[in-house]
Amino acid sequence: MVMKRIIFYLVICVGLITACSDDDSFTSSRSDLLTFSVDTVKMDTVFSNVGSRTYSFWVYNHSGSGIRIGTVRLRNGNQTGFRVNVDGSYLDNTLGSVANDFEVRGGDSICVFVELTAKENRQPQAQLVEDDLVFSLESGAEQRVNLRSFAWDAIKVKDLVISRDTLVTSDKPLVVYGSGITVDSSAVLTLRNTTIYFHDKAGIAVRGTLMAENVVLRGDRLDHMFDYLPYDRVSGQWAGVSFASSSRGNILENTQIRNAMTAVRLEAPAVLDTLQRRLTMNHCIVHNAKGDGIIANNSYIGLSYCQLTNTLGNCLTIFGGKAEVDHCTLAQFYPFNTTARGVALVLASSNGYEVYPTLRIDCKNTIVTGYADDQVMAYLADSATINYTFADCLLRTPAVEGDTVNFKRIQWETPSDSIQGKQHFAVVDERNLIYDFHLDSLSTAKGKGCY
């Protein structure tokens, strides 16, 4: 019994000593300050009224004593749209954007999380949004971390159906949600001098006609996956553009389609028309798709001065029909998934469901290259025929000897060439996913390709 009382008193004494020690360890000196992992939280550009991703930073106490924080507050209260959580406590914007009573013991740290939903700024360009997160210490000292971002007003639409001829041109970005944009079979949608940002799974479904001039179609993520990698360089951000069997007469000029799943898909029409093109693309870029770049099912298409690059599937897949390809660059340098990566050009008479009896491609002044040794594939069903001509092209595929009818003045590229593959181009940076498909000054493909 005596031994139990001794242990009990020892426990109480140790607790009292510890408590006294904790109380005594907190400093009131103004020279004892916090240290922050960043002095400025630089957030990515956001669309107005759309929440940002969550950013974080650490607050350290490198002194030998604990530091009490009386308040943490946003200098501008709830006026800028920042939302802050400090060590699990939310700075309630309805109560002045302030939280009270934090302790950071010597050698310890706490984490701060920051988000932003910016208000509309009614300006055509992105505007700076800025505030200070102020830490008021028990000693009377004040410290601050700057919060900053740029907010961009945008026009937002969801599940938009175009039922009559419509022109879209705007100096503001257009952000598309839901299933995206559907063009009815009797309508023409004309996009001109604008950028359209598609949210996850949104795209353009064209049953009628799409006309585009000086347009960028891309995903809506403006932030970064990593510090060095913006989402604009990441594939699979949105659904892409699909043309239904009823769609005719589509023309895309100076248009970029990037970071989609399958970027462009043409479903087979009821009857192949070999006189009128279903899709014409001039000076366009299709880049960084998580599916194919262009899939044309039994369609008549024309591509001139186009860049089709870096797709998990094939850069250009033609199932039957008719294709004219002039001064294009088909370059397969997709940086991920080497086992499933497609090739630059596929010609086939069947898509796995339907067999199309005829296929014709006329390709001239075009570069077809990539990582793999063979970037041109042909697959024919027993009953199908293919008619083709390649003239003045660079082709990374085994040379076809003696055929001067279908292959004219071809530069056959091999892995043993002194200049081959990515060496033709100005920039192929696989680490940072930066690409420039203009020809390098040493390239042997001068006069060919889209640039």
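Residues numbered from 1 in each chain as written. Predicted model: local features only at pLDDT ≥ 70, side-chain atom pairs only at ≥ 80, totals over all residues. Heavy atoms only, no water.

(A) The arrangement of the sheet that holds strand S7 (residues 89-90) in detail. On the basis of which strands lie adjacent, the open sheet formed by 5 strands has the order S1-S4-S9-S6-S7 and antiparallel pairing. Two strands close off the open sheet at either side, each with one partner strand: strand S1 (35-36) and S7. The sheet contact formed by strand S6 (residues 82-86) and S7 spans 2 bridges and is antiparallel. When the bridges of S7 are listed, Val-86 appears paired with Ser-89. (Pairing = 2+ DSSP bridges. Helix = DSSP H or I, 4+ residues; strand = E, 2+ residues; numbered from the N terminus.)

(B) Representation of the packing of aromatic side chains. What the rule picks out here adds up to 17 aromatic pairs. Judged by centre distance (5.7 Å) and plane angle (55°), the ring pair of Tyr-388 and Phe-407 falls under tilted. With Tyr-388 in strand S35 (residues 385-391) and Phe-407 in strand S37 (residues 407-408), this residue pair connects regions lying 19 residues apart in the sequence. Using a relative accessible area of 22% as the deciding quantity, one classes Tyr-388 as partly exposed. Ring centres 5.3 Å apart and planes at 55° place the aromatic pair Phe-407 and Trp-412 in the tilted group. Judged by its relative accessible area of 13%, Phe-407 is buried. (Phe/Tyr/Trp six-rings, centres within 6.5 Å; stacked < 30°, edge-to-face > 60°. Buried < 20%, exposed > 50% of the residue type's maximum accessible area, 1.4 Å probe, protein only.)

(C) Spatial organisation of unusual backbone geometry. Positive phi values are uncommon outside glycine, yet Asn-254 reaches one of about 45°. Among the structural elements, Asn-254 can be located in strand S21 (residues 250-258). Since its relative accessible area comes to 39%, Asn-254 is described here as partly exposed. Positive phi is not limited to glycine here, since Asn-337 has a value of about 50°.

(D) Main features of the pattern of salt bridges. Taken as a whole, this structure holds 21 salt bridges when the rule is applied. Its salt-bridge partner being Arg-105, residue Glu-103 comes within 3.6 Å of it at the nearest N-O pair. For Glu-103, a relative accessible area of 39% translates into the label partly exposed. As a salt-bridge pair, Arg-221 and Asp-223 come within 2.7 Å of each other at their nearest N and O atoms. (Salt bridge = Lys/Arg side-chain N within 4 Å of Asp/Glu carboxyl O.)

(E) Spatial organisation of the side chain of Asn-259. Examined against the element boundaries, Asn-259 turns out to sit in the loop between S21 and strand S22 (264-266). You can call Asn-259 buried: its relative accessible area is 1%. Among the polar contacts listed, one links the side chain of Asn-259 to the backbone oxygen of Asp-232, at a separation of 2.6 Å. Among the polar contacts listed, one links the side chain of Asn-259 to the side chain of Asn-288, at a separation of 3.0 Å. The contacts of Asn-259, once residues within four sequence positions are left out, are Tyr-231, Asp-232, Arg-233, Val-234, Ser-235, Gly-236, Gln-237, Trp-238, His-287 and Asn-288. (Polar contact = N/O pair within 3.5 Å; in protein donor to acceptor, adjacent residues only side chain to side chain. Contact = heavy atoms within 4.5 Å.)

(F) Summary view of the environment of Ser-242. With respect to the helices and strands, Ser-242 occurs in strand S20 (residues 240-243). Placed 25 residues apart in sequence, Ser-242 and Glu-267 show a C-alpha to C-alpha distance of 7.7 Å. Not counting residues up to four positions away in its chain, the partners in contact with Ser-242 are Ile-204, Ala-205, Val-206 and Arg-265.

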